[in-house]
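Observations on the model geometry
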Amino acid sequence: MNIDGRKSSFSVPGVMDVKLENFMNPVTGGEQDTKIQLPKGFIWKLADAAKTKIMRISTPSLNFDH
């Protein structure tokens, strides 16, 4: 596990690999500081948003690669 905000990642060797990345600005190509705001949120009101760069799961009953 590597905790680094929107660039965090974790893996279970031979089972799962996950890596996050920032959203990118489609015009400039630069990293976009993206947040989700829920003024009446119960668990959180303001959160950083990221997307998966790698989401790979490989088990006997489930295989997923996005």
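Reading guide: rules and limits
Residues numbered from 1 in each chain as written. Predicted model: local features only at pLDDT ≥ 70, side-chain atom pairs only at ≥ 80, totals over all residues. Heavy atoms only, no water. Helix = DSSP H or I, 4+ residues; strand = E, 2+ residues; numbered from the N terminus. Buried < 20%, exposed > 50% of the residue type's maximum accessible area, 1.4 Å probe, protein only. Contact = heavy atoms within 4.5 Å. Pairing = 2+ DSSP bridges. Salt bridge = Lys/Arg side-chain N within 4 Å of Asp/Glu carboxyl O.

With that settled, the discussion passes to the environment of Met55. Inspection of the secondary structure puts Met55 in strand 7 (residues 51–58). On the accessibility criterion, Met55 (23% relative accessible area) is partly exposed. Between the alpha carbons of Met55 and Met1 there is a distance of 14 Å; along the sequence they are 54 residues apart. The contacts of Met55, once residues within four sequence positions are left out, are Asp17, Val18, Phe64, Asp65 and His66.

Here we come to the pairing of strand 1 (residues 9–12). Sheet topology places strand 1 next to strand 2 (residues 16–21); four bridges connect them, and they run antiparallel. In the strand pairing of strand 2, Ser11 is matched with Asp17. Hairpin connection of strand 1 to strand 2: three residues between the antiparallel strands, including Gly14 at a positive phi of 80 degrees.

On to the pattern of salt bridges. Tallied over the full model, the rule gives eight salt bridges. Salt-bridge contacts for Asp17 lead to Arg56; the nearest nitrogen and oxygen are separated by 3.8 Å. Of the two residues, Asp17 sits in strand 2 while Arg56 sits in strand 7, which places them 39 residues apart along the sequence. Looking at Arg56, the relative accessible area reads 35%, which means it is partly exposed. Of the charged contacts, one joins Asp33 and Lys35 as a salt bridge, the two residues approaching to 3.9 Å between their closest N and O atoms. The network of salt bridges with common partners includes Arg6, Asp33, Lys35 and Asp48.

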